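Topology and contacts: notes
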Amino acid sequence: MGTVEAPELTSQPKTVDTIRMTGAEALVQILLKENVDTAFGYPGGAIMPVYDALYDHQDSIHHVLARHEQGAIHMAQGYARTSGKVGVCLATSGPGATNLITGIADAQIDSTPLVCITGQVNSSLLGSDAFQECDVLGISMPVTKWNFQITRAEEIPEALAKAFYLAKTGRPGPVVIDITKDAQFEEFDYKYEKCTSLRSYKPKPKLDHAKIEEAAELINNAERPYVLFGQGVILANAEKEFKQFIEKTGIPSAWTIMGLSALETDHPLNVGMLGMHGNYGPNLLTNECDVLIAVGMRFDDRVTGNLSKYAKQAKVIHLEIDPAEIDKNVPADVAVLGDAKESLSELIKLVKPKSYEEWLQRFRDCDEKEWEKVIKDELHPESNILSMGEVIRIVNDITNDDHILVTDVGQHQMVACRYSKFTRPKSNITSGGLGTMGFGLPAGIGAALGAPDRTVIVVVGDGGFQMTMQELATIYQTKVKVKVLLLNNEFLGMVRQWQQLFFEKRYSSTELINPDFQLLAKGFYIPTKKVTERENLEKAIAEFINYDGAYFLEVMVGKENNVFPMVPSGSGVAEIRLE
């Protein structure tokens with residue numbers, strides 16, 4: 001996703017009454033106007049005037065004090081993904097702002113709408129290497145949809161209006177607004193009008209009906225059509241239209257890790273997960289379909305494998321809102337540029353009702369092979385060693401497939417996404433494109449605040465958990481009812497798996513000497529339990545899920561268990577390995 005070239009700010013005409021106030025007070029008023037009820041952050045010198053202004057609005061804006069700025073932005077991401085709103089985070093200048101960068105990059109590649117507000121040194125000190133000065137615009141430019149530095153209070157309303165508009169429209173993404181401290185203190189005549197359009201920015205491309213007709217013709221004449229769907233379906237709120245489309249056409253459909261939960265897991269046309277550790281059939285049969293229909297996904301390399309071996313036999317239809325993604329990795333025979341909800345609505349009118357029982361049977365045959373080679377032993381292991389898969393199976397059973405899953409990054413992420421079942425959208429929160437270890441715990445806090453009526457289960461590994469485990473303090477302080485499930489294999493599991501398979505078991509710097517996680521959780525006053533034996537597992541998970549509040553459950557799983565299937569690096573999707 002490219003950076004939006006928004007026009008320079010211009011003074012607004014005085015079309016509404018003005019009120020005299022400081023820049024910091026104006027910023028808080030704007031958050032209220034944009035219906036922001038939750039913000040995440042960490043105070044410091046250069047953002048202190050804004051925090052002082054927030055003090056008078058604690059009943060309207062719930063500020064969540066993270067223990068690290070990276071935690072704050074991951075919380076904002078989790079909040080945005082479950083609530084459907086723009087996530088807001090605040091940080092001070094220098095290290096405060098730079099600590100946001102990983103989360104900003106994560107949000108950019110995963111299309112998460114954020115407005116990040118950073119304090120900056122006084123405008124008179126810019127460029128002087130002042131204490132905690134940093135070129136936030138230069139650093140954040142490659143990983144933001146738009147960024148802007150404010151040096152005068154009167155610039156705040158227009159800049160913030162554009163920030164919220166850009167973050168949430170079109171392909172969503174993060175925006176950074178850097179505000180000098182003197183602009184926060186300065187008084188001006190405040191007025192605010194929400195932004196509804198920008199001259200050089202077209203968030204929803206106009207649908208080309210000729211392309212819709214071309215796509216429909218290809219689909220109607222296909223013998224082995226295949227749908228790949230991604231997060232674009234969820235971002236467009238197009239789950240209903242997507243379901244109507246596949247049910248009318250009868251086309252088997254597979255999901256990217258970011259598209260998980262856009263379609264209920266048990267739908268008969270949901271054939272499973274794409275990608276390096278996806279299901280056998282969805283990967284293998286990519287190279288057997290005759291028409292490939294990509295909806296709201298970007299042909300990431302973890303989905304395609306070796307591009308020179310990817311779906312060369314198929315006509316490709318790509319439904320996508322971001323023109324930068326068209327033909328970027330996989331050339332499209334028919335590119336339908338537009339919002340997925342609108343595109344699918346028009347496509348449904350033109351496609352013919354069909355069924356592809358023989359083609360669907362090919363997926364079922366692959367499922368049977370994968371069950372025997374991989375899944376059966378993962379979900380119902382015969383050895384005394386606990387597996388990650390059986391833990392996820394029990395979670396599904398106890399929640400009746402109705403929970404929000406938040407994962408960190410690693411083996412546990414792949415297993416949890418492979419085996420979790422969902423009945424509702426916006427139920428899977430993970431770091432997809434950037435693969436950020438440390439994402440899970442803080443994102444889970446934000447997810448729970450964004451969907452307080454749902455059960456939020458955070459699945460973490462012992463490696464990623466230790467990158468942001470300080471956010472247990474945020475759980476204690478906010479009393480957020482998030483469930484943290486630690487699958488502990490005492491390794492950096494995914495790296496270890498690669499070392500085993502491709503580096504002759506030379507386990508270089510991947511074995512972890514861990515702390516006592518039970519004492520750690522108790523230190524933050526969070527109820528906790530550790531499971532090492534299968535006979536205690538189901539009861540412990542039930543207690544974990546049904547407890548009315550935060551809970552920390554540690555399960556000791558196999559140290560050298562691997563995640564299969566697997567498409568080795570550099571291989572094509574049809575070269576997927578079952579062992």
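Use the structure listed above.
Small disclaimer: the values here were computed from a predicted structure and weren't measured.

**Details of the overall build of the protein chain**
The helix and strand inventory of the protein chain stands at 23 helices and 20 strands. Principal-axis analysis of the C-alpha atoms gives the protein chain an extent of 70 × 65 × 40 Å. Here the protein chain holds 579 residues, and the buried ones make up 59% of them. Summed over all atoms, the accessible surface of the protein chain reaches about 23,100 Å², with 49% contributed by carbon and sulfur. Here the protein chain contributes 57 positively and 77 negatively charged side chains, and the mean placements of these two sets differ by 3 Å.

**Quick word on the packing of aromatic side chains**
Evaluation of the coordinates by the stated rule reveals 15 aromatic pairs. Note on F188 and Y190: the rings are 6.4 Å apart at their centroids and 90° apart in plane angle, and the pair reads as edge-to-face. Residue F188 shares its accessibility class with Y190, and that shared class is buried. Pairing Y547 with Y551 gives two aromatic rings, centres 5.6 Å apart and planes at 65°, and the pair type is edge-to-face. The class for Y551 is buried, based on a relative accessible area of 3%. Each member of the aromatic cluster is reached from another via a ring pair, and the members are Y226, W359 and F363. The side chain of R496 reaches across the aromatic face of F491, ending 5.8 Å from its centre.

**Looking at the sheet that holds strand 20 (residues 551–556)**
One open sheet holds the six strands; their spatial order is 16-15-17-18-20-19, and the pairing between them is parallel. Of all the strands in the sheet, the pair left with one neighbour each is strand 16 (428–429) and strand 19 (528–531).

**Considering the pattern of salt bridges**
Evaluated as defined, the whole model comprises 30 salt bridges. Close ionic contact of K204 with E342 constitutes a salt bridge, the shortest N to O distance being 3.6 Å. Note that K204 is positioned in the loop between strand 8 (187–190) and helix 9 (209–220) and E342 in helix 14 (residues 340–350), a separation of 138 residues in sequence. E325 is the partner of K328 in a salt bridge, and the nearest nitrogen-oxygen pair spans 3.0 Å.

**Quick notes on the sheet that holds strand 7 (residues 174–180)**
Reading across the sheet, the six strands line up as 3-2-4-5-7-6 and stay open at both edges, with parallel pairing between neighbours. The open sheet has two edge strands, strand 3 (62–65) and strand 6 (146–150), and neither has a second partner. Put simply, the sheet's adjacent strands are angled 20° from each other on average, direction ignored. Where strand 4 (residues 87–91) meets strand 5 (residues 114–120), five bridges bridge the pair, whose relative direction is parallel. Residue pairing in the sheet places L90 in a bridge with I117 of strand 5. Contacts from helix 3 (residues 69–83) reach strand 2 (38–41), strand 3, strand 4 and strand 5 within the one sheet, and its direction differs from that of strand 4 by about 170°.

**Comments concerning the side chain of T169**
Among the secondary structure elements, T169 is positioned in the loop between helix 7 (156–168) and strand 7. Overall, T169 belongs to the buried group, its relative accessible area being 15%. When near neighbours in sequence (up to four residues on either side) are disregarded, T169 contacts K145, Y201 and P203.

**Describing the packing of helix 3 against helix 5 (residues 101–109)**
Any two packed helices are characterised by how steeply their axes cross, that is the angle between the axes, and by the distance between the axes. Contact geometry for helix 3 and helix 5: axes closest at 8 Å, N-to-C directions at 25°. In terms of orientation, helix 3 lies roughly parallel with respect to helix 5. Contacts from Q70, I73, H74 and Q77 in helix 3 reach T102, G103, I104, D106 and A107 in helix 5.

**Quick look at the environment of M48**
Inspection of the secondary structure puts M48 in helix 2 (residues 48–54). Between the alpha carbons of M48 and E239 there is a distance of 42 Å; along the sequence they are 191 residues apart.

**Details of unusual backbone geometry**
Leave glycine aside and you will find that most residues have negative phi; peptide bonds, for their part, are mostly trans. The linkage connecting F564 with the following residue, P565, adopts the cis geometry, with an omega of 0°. Residue placement: P565 occurs in the segment after strand 20. Not every positive phi belongs to a glycine, and N35 is a case in point at roughly 60°. As for its position among the elements, N35 is in the loop between helix 1 (23–33) and strand 2. Positive phi outside glycine occurs at E490, with the angle close to 60°. Here E490 shows up in the loop between strand 18 (482–488) and helix 21 (493–502). The class for E490 is partly exposed, based on a relative accessible area of 29%.

Rules used throughout
- Residues numbered from 1 in each chain as written.
- Predicted model: local features only at pLDDT ≥ 70, side-chain atom pairs only at ≥ 80, totals over all residues.
- Heavy atoms only, no water.
- Helix = DSSP H or I, 4+ residues; strand = E, 2+ residues; numbered from the N terminus.
- Buried < 20%, exposed > 50% of the residue type's maximum accessible area, 1.4 Å probe, protein only.
- Areas by Shrake-Rupley, 256 points an atom, 1.4 Å probe, with all protein chains shown as cover.
- Lys, Arg positive; Asp, Glu negative; His and termini not counted.
- Charge placed at Lys NZ, Arg CZ, Asp CG, Glu CD.
- Phe/Tyr/Trp six-rings, centres within 6.5 Å; stacked < 30°, edge-to-face > 60°.
- Lys NZ or Arg CZ within 6 Å of the ring centre and 35° of its normal.
- Pairing = 2+ DSSP bridges.
- Salt bridge = Lys/Arg side-chain N within 4 Å of Asp/Glu carboxyl O.
- Axes fitted to C-alpha atoms, helices over the stretch in contact; angles between N-to-C directions.
- Contact = heavy atoms within 4.5 Å.
- Parallel < 35°, antiparallel > 145°, perpendicular 65-115°, else oblique.

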